[in-house]
Amino acid sequence: MTSAERSLRAEFAKLDALVAVPRDDDGEFLVRELQRARARVRHVWPLPDRLPEDTDIIFCALEPGLPERIPWVPGEPKAALTVVVAPGAAPDLGLLVNSAPDAVLHRPITSNGVLVSLALARSHFTYDRRLRWRINKLDESLRGMRAVERAKEILMRTRQMCEEEAYRFIRGQAMRRRAPISVVAAAIVDSHDILS
Amino acid sequence: MAGLHSRDSEPWRVGVLFSRSGCTAVIEETQLRATLLALAEINDSGGINDREIVPVIYDPMSDPATFACHAKRLMVEDSITAIFGCYTSSSRKAVIPVVERLNGLLWYPTPYEGFEFSPNVIYTGPAPNQNSVALCRFLMERYGRRFYLIGSDYVYPRESNRIMRELVRNNGGEVCGETYLSLRAQHRDFVPVLGELKRLRPDVIFSTVVGDSTSSLYQSYIDAGLEPKVMPIGSLTTTEAEVRAMGADAAEGHVTAASYFQSVCTEQNSFFVARYKKRYGEDEPTNMCAEAAYFQVHIFAKALAQTDSLDTDTLRPVVLGTEFDAPQGKVCVNETYAHTDLWTRIGRVDSRGGFEIIEESCAQVNADPYLIGSGRALACS
């Protein structure tokens, strides 16, 4: 076993999994296989109106209305999602895409299928989360820079400070309050907007 | 030492990506050496939780695409998550997508242009607020307000010069010229530039020339008969290693801003310099990039001892906020951006090729990679 695989196995053992598929042989098999991977498993069926979000991964039957039952807005997932697709009839691709799953598991369910979809869903979900985190950080930085520039303009205009004095003023306040400079700048902008 | 070599204690394996060939090998080689020195120190004192740390080392040959390939190889084939490496920003930018997708942790020990954040990188070299701002102020106060900007033609010099241009202009200075040369530029490529410098007579040359062509710039400067006392080259990347490569006579009198010089007076530094020279030779100087490469391994080890796991999601939160007594003084990995709070120093090359420290901050300067709090004014306090 490679160390990448060991670390994935260790991750599986820490997971809370939610299974929302019919309680038939296939469904029971899925629950057992997840337990074999040492995840803690909850099985719910019929599909609740709103899937619980206090879990790390959801295995859910691809059913009409699934997107409305997912407890987060698309693009802001709280858990990894694997949809379980039934054999036979052509799958509803629109429904699949709108559910925005991280992986797909085909019935009849096999051991390998469970492991593959578990690993893929978690890896995809955590990558997606890291990227969203990075983007939030970038947005926050841009807002901070904008706030400082605006606060500086306000101070220059209303207090007849030069650029450097305005800058020093904001920095000095931030140091005194032990607050991030962007927070102090935003406060200056807000109070100015209220007063004027 | 018990247990360190016992059969059941498998070593910790980490990746190391510094070039041993190509145009930035001179400086990257010192980062590799400092990394190996730190690893040896850790292993000599018993490893981490009785397990040795073993590096897997590849030579990316100063080529960004090769950096990316080797990063992938480390993570996929060698199952490694922690990678120490990268010098140029182009190489860092080539490695980041790989570590982000596969959830590795890149430790990057080099000054860079800022304006970056990645959940999969720990930055241990200075951002512009920790070197450019002080350098600009120093040069303007000592030498004058007319700057000429020269750099190698890739992302770091162009971005650093953009920041320097803003700093100069916002503080009443003027940029009278700007030029970029290939990373592989030779002596003859600098001749026309020196001609232009003699004609324009700026007060200061701000250089972001990196790698082997650094020697060509400083040597052409001497050949052109220019005088460092009146028109110095100010740099963020000319370290003891570049000075050694070009010869002290070519570099004497020029100025560099860095968080570390070999001449820093701390107990940790005497220890670091002595160990480095003992291992690599008396005439091998340390430098800022080597120092960051050295202390980042120790910070990594400190966190690993606590987590007992190399898993990025486990290790990274412990790294953030970690303080360490580095050769440059106490440093701290800043929690906001995973950059490091470092010292700011201005050094001038002396006749023996070392740096005389002319100015230093009174404490660590918090990393502010987006220049939110240290944007445009030169005030440092």
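How each quantity is defined
Residues numbered from 1 in each chain as written. Chains lettered and ligands numbered in written order. Predicted model: local features only at pLDDT ≥ 70, side-chain atom pairs only at ≥ 80, totals over all residues. Helix = DSSP H or I, 4+ residues; strand = E, 2+ residues; numbered from the N terminus. Rg over C-alpha atoms; globule rule 2.2 N^0.38 Å. Contact = placed C-beta atoms within 7 Å. Nonpolar A, V, L, I, M, F, W, Y, C, P; charged D, E, K, R; others polar. Domains from an automatic or database assignment. Pairing = 2+ DSSP bridges. Axes fitted to C-alpha atoms, helices over the stretch in contact; angles between N-to-C directions. Parallel < 35°, antiparallel > 145°, perpendicular 65-115°, else oblique. pLDDT = per-residue confidence, 0-100. Buried ≥ 20, exposed ≤ 12 C-beta atoms within 10 Å, placed from the backbone. Expected span 1.5 Å × (residues − 1).

A.B. asks: Hey, could you go over the overall build of chain A for me, with residue numbers and the actual values?
C.D. replies: When its secondary structure is counted, chain A shows seven helices and five strands. What you see in chain A, going N to C, is helices and strands ordered as α-β-α-β-β-α-β-α-β-α-α-α. Whereas a compact globule of 196 residues would reach a radius of gyration of roughly 16 Å, chain A reaches 25 Å, over 25% beyond that. Its C-alpha atoms give chain A principal-axis dimensions of about 75 × 40 × 25 Å. Partitioning the contacts of chain A with sequence separation of at least 6, the portion at a separation of at least 24 is 48%.

A.B. asks: Would you mind going over the overall build of chain B in detail, with residue names and values included?
C.D. replies: Along its length, chain B carries 12 helices and 15 strands. The C-alpha radius of gyration of chain B comes to 20 Å, within 12% of the 21 Å expected for a compact globule of 381 residues. Once local pairs closer than 6 in sequence are excluded, the contacts in chain B between residues at least 24 apart make up 71%.

A.B. asks: So what's going on with the interface of chain B and chain A? Which residues, and what values?
C.D. replies: Each partner contributes residues to the interface: chain B has 16 residues there, and chain A has 23 residues. When the residues that make up the side of chain B that touches chain A are grouped by side-chain class, the tally is six nonpolar, seven polar and three charged.

A.B. asks: Kindly report on the domain arrangement of chain B, identifying the contributing residues and their values.
C.D. replies: Buried accessible area, meaning the area lost when the parts come together, often serves as the stated size of an interface. All names here are of chain B. What the domain assignment reports for chain B is domain 1 (12-125 + 268-341) and domain 2 (128-263 + 344-360). Centre-to-centre separation of domain 1 and domain 2, based on C-alpha positions: 27 Å. With 22 residues of domain 1 in contact, the opposing surface of domain 2 contributes 25 residues. Elements supplying a minimum of two residues to the side of domain 1 that touches domain 2: helix 1 (25-44), helix 3 (89-102) and helix 11 (288-307). Looking at the side of domain 1 that touches domain 2 residue by residue, the class counts come to 10 nonpolar, nine polar and three charged.

A.B. asks: Describe the domain arrangement of chain A, with residues and values.
C.D. replies: All names here are of chain A. Domain parsing of chain A yields domain 1 (3-134) and domain 2 (135-195). If you average the C-alpha positions of domain 1 and of domain 2, the two centres end up 45 Å apart. With four residues of domain 1 at the contact, the number on the domain 2 side is four residues.

A.B. asks: For the sheet that holds strand 2 (residues 40-43) of chain A, give the residues involved together with the corresponding values.
C.D. replies: Residues and elements named next belong to chain A. Overall, parallel pairing links the five strands, which are arranged 2-1-3-4-5 in an open sheet. If you trace the sheet from one side to the other, it starts and ends with strand 2 and strand 5 (103-106), each paired once. On average, adjacent strands in this sheet sit at an angle of 20° to one another, irrespective of strand direction. Here strand 1 (residues 16-20) pairs with strand 3 (residues 57-61) via four bridges, running parallel.

A.B. asks: Describe in detail the environment of Arg 146 of chain B, supporting the description with residues and values.
C.D. replies: All names here are of chain B. In this structure, Arg 146 sits in strand 6 (residues 146-152). Along the sequence, Arg 146 and Gly 172 sit 26 residues apart, while their C-alpha atoms lie 9.5 Å from each other. In contact with Arg 146, other than residues within four places in its own chain, are Gly 173, Glu 174, Cys 176, Pro 202 and Asp 203.

A.B. asks: Go over the packing of helix 1 of chain B against helix 10 (residues 267-280) of chain B with me, naming the residues and quoting the values.
C.D. replies: Helix-helix packing is described using two parameters, namely the angle between the two axes and the distance between the axes. Residues and elements named next belong to chain B. Interaxial distance between helix 1 and helix 10 falls to 11 Å at its minimum, and their mutual angle equals 105°. One finds that helix 1 runs roughly perpendicular with respect to helix 10. Facing helix 1, whose interface residues are Arg 33, Ala 34 and Leu 37, helix 10 presents Arg 275, Tyr 276, Arg 279 and Tyr 280.

A.B. asks: Tell me what's going on with the confidence of the model for chain B, and back it up with residues and numbers.
C.D. replies: Residue and element names in this part refer to chain B. Of all residues in chain B, 96% attain a pLDDT of 70 or more, and the chain-wide mean is 93. Considering only residues more than four positions removed or in separate chains, one finds that residues 1-7, a stretch of pLDDT under 50, has eight contacts. Note on the complex model: pTM 0.88, ipTM 0.73.

A.B. asks: Help me get a handle on unusual backbone geometry, residues and values and all.
C.D. replies: Here the amide bond leading from Trp 45 of chain A into Pro 46 of chain A is cis, since omega sits at 5°, within 30 degrees of zero. Relative to the helices and strands, Pro 46 of chain A resides in the loop between strand 2 and strand 3. The residue after Arg 107 of chain A, namely Pro 108 of chain A, is reached through a cis peptide bond having omega -5°. You can see Pro 108 of chain A is positioned in the loop between strand 5 and helix 5 (111-158). One non-glycine residue, Met 61 of chain B, lies in the positive phi region at around 55°. Taking the C-beta count within 10 Å as the criterion, Met 61 of chain B has 17 such neighbours and is therefore assigned partly exposed. Backbone geometry at Arg 201 of chain B places phi at a positive 50°, although glycine is not the residue there. Within the fold, Arg 201 of chain B resides in the loop between helix 6 (187-200) and strand 8 (204-208).

A.B. asks: Residue-level account of helix 4 (residues 128-142) of chain B, with values.
C.D. replies: All names here are of chain B. The end-to-end C-alpha distance of helix 4, which contains 15 residues, comes to 20 Å, matching closely the 21 Å that a straight helix rising 1.5 Å per residue would cover. In terms of burial, helix 4 is a largely internal element, 12 of the 15 residues being buried. Where helix 4 is buried, its residues touch helix 5 (155-170), strand 8, strand 9 (233-235), strand 10 (255-258), strand 14 (345-349) and strand 15 (355-360). Residue Gly 144 follows helix 4 closely and has a positive phi angle near 135°.

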